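Given next are the chains, with one letter for each unit.
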Amino acid sequence: MADTPPGAPGAPQSRSEKRHQSHIGSTYAAFIKHLSEVGKLDAGLAECAAVSVVNALLHRIQPEEAKDLQAQLPRKLLDFLPKDEAQKPGRTLGKSRDDFLRAVAEDLRKDVSEVEPIVRAVFLGLREHISEGEAQDVESNLSRDLQDLWRRTQ
């Protein structure tokens, strides 16, 4: 054990690391609880919706902007996201609002007509976890029809 470097799997965590992990867990729980309340969703659906919407959103914005958005989101949520596009083979993500809603509906196994309120709830939760400037940056990197959907959460 003495040869195990700090931070390696199996290495004991320091108090600050444990505190940090606890904070991430509570932030994530608060994020999901907020989505549940805003979207009137059960926690399981809120979590799945958050993952689906964030993943779809990150595929539609510039890579450097996506990194900024990722830095502001609860890390535990980001842990659920695919590490790269190769993990979602065969899916071509279009840039339109309809393509976005269709991708989320597919992930949630819901009809496309049911997902817009869910997407708006997730957008609202995201906007509350990033700065206004970052929200404007995200908006500026979306197609016009997705910008409209993003703005409807203000």
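Refer to the preceding data block for the structure.
Because the structure is a prediction, the values reported are computed rather than measured.

Trainee: How would you explain the overall build of the protein if you had to name every residue and give the values?
Mentor: Per the secondary structure count, the protein includes eight helices and zero strands. When the elements of the protein are put in sequence order from the N terminus, they spell out α-α-α-α-α-α-α-α. Relative to its full complement of 154 residues, the protein shows a buried share of 40%. In the protein, 63% of the contacts between residues at least 6 apart in sequence involve partners at least 24 apart. For the protein, the exposed surface amounts to about 9000 Å²; the carbon and sulfur share of it is 48%.

Trainee: Hey, could you go over the packing of aromatic side chains for me, with residue numbers and the actual values?
Mentor: For the structure on display, the rule yields two aromatic pairs. An angle of 55° between the planes, with centres 5.8 Å apart, marks the rings of Phe-100 and Phe-123 as tilted. With Phe-100 in helix 5 (residues 97-108) and Phe-123 in helix 6 (residues 112-127), the pair connects residues that are 23 residues apart, well separated along the chain. Considering the side-chain rings of Phe-123 and Trp-150, the 4.9 Å spacing of their centres and the 65° angle between planes classify their relative orientation as edge-to-face. With Phe-123 in helix 6 and Trp-150 in helix 8 (residues 144-151), the pair connects residues that are 27 residues apart, well separated along the chain. We note that Phe-123, like Trp-150, is buried.

Trainee: Describe helix 6, listing the residues and the values that go with them.
Mentor: Between the first and last C-alpha of helix 6 there are 23 Å, a value that for 16 residues agrees with the 22 Å anticipated at 1.5 Å per step. Along helix 6, the residues classified as buried are Val-115, Glu-116, Ile-118, Val-119, Ala-121, Val-122, Phe-123, Gly-125, Leu-126 and Arg-127.

Trainee: Account for the packing of helix 2 (residues 43-58) against helix 6, with residues named and values stated.
Mentor: One way to put it is that helix 2 packs onto helix 6 with a least axis distance of 9 Å and a crossing angle of 80°. In terms of axis orientation, helix 2 runs roughly perpendicular to helix 6. Contacts between helix 2 and helix 6 involve Leu-45, Ala-49, Ala-50, Val-53, Val-54 and Leu-57 from the first element and Ile-118, Val-119, Val-122, Phe-123 and Leu-126 from the second. Its residues assigned to classes, the contact of helix 2 with helix 6 shows eleven nonpolar, no polar and no charged.

Trainee: Account for the nonpolar core, with residues named and values stated.
Mentor: Proteins that are soluble and globular tend to have nonpolar side chains buried together. Formed by 33 residues in total, the largest nonpolar core has its most connected members in Leu-57, Phe-100, Val-104, Val-119, Phe-123, Leu-126 and Trp-150. Going through the elements one at a time, helix 1 (15-39), helix 2, helix 5, helix 6, helix 7 (132-140) and helix 8 are the ones with two or more residues in this core. Among the elements that line this core, the one with the most residues is helix 2, at nine residues.

Trainee: Describe the pattern of salt bridges, with residues and values.
Mentor: Taken as a whole and judged by the stated rule, the model has seven salt bridges. Close ionic contact of Asp-99 with Arg-102 constitutes a salt bridge, the shortest N to O distance being 2.8 Å. Here Asp-99 and its partner Arg-102 are both found in helix 5, three residues apart, which amounts to about one turn of the helix. Overall, the relative accessible area of 25% leaves Asp-99 in the partly exposed class. By relative accessible area, Arg-102 is classed as partly exposed at 43%. A salt bridge links Glu-132 to Arg-127, with the nearest nitrogen and oxygen atoms 3.5 Å apart.

Rules used throughout
Residues numbered from 1 in each chain as written. Predicted model: local features only at pLDDT ≥ 70, side-chain atom pairs only at ≥ 80, totals over all residues. Heavy atoms only, no water. Helix = DSSP H or I, 4+ residues; strand = E, 2+ residues; numbered from the N terminus. Buried < 20%, exposed > 50% of the residue type's maximum accessible area, 1.4 Å probe, protein only. Contact = heavy atoms within 4.5 Å. Areas by Shrake-Rupley, 256 points an atom, 1.4 Å probe, with all protein chains shown as cover. Phe/Tyr/Trp six-rings, centres within 6.5 Å; stacked < 30°, edge-to-face > 60°. Expected span 1.5 Å × (residues − 1). Axes fitted to C-alpha atoms, helices over the stretch in contact; angles between N-to-C directions. Parallel < 35°, antiparallel > 145°, perpendicular 65-115°, else oblique. Nonpolar A, V, L, I, M, F, W, Y, C, P; charged D, E, K, R; others polar. Core = buried A, V, L, I, M, F, W, Y, C linked by side-chain atoms within 4.5 Å. Salt bridge = Lys/Arg side-chain N within 4 Å of Asp/Glu carboxyl O.

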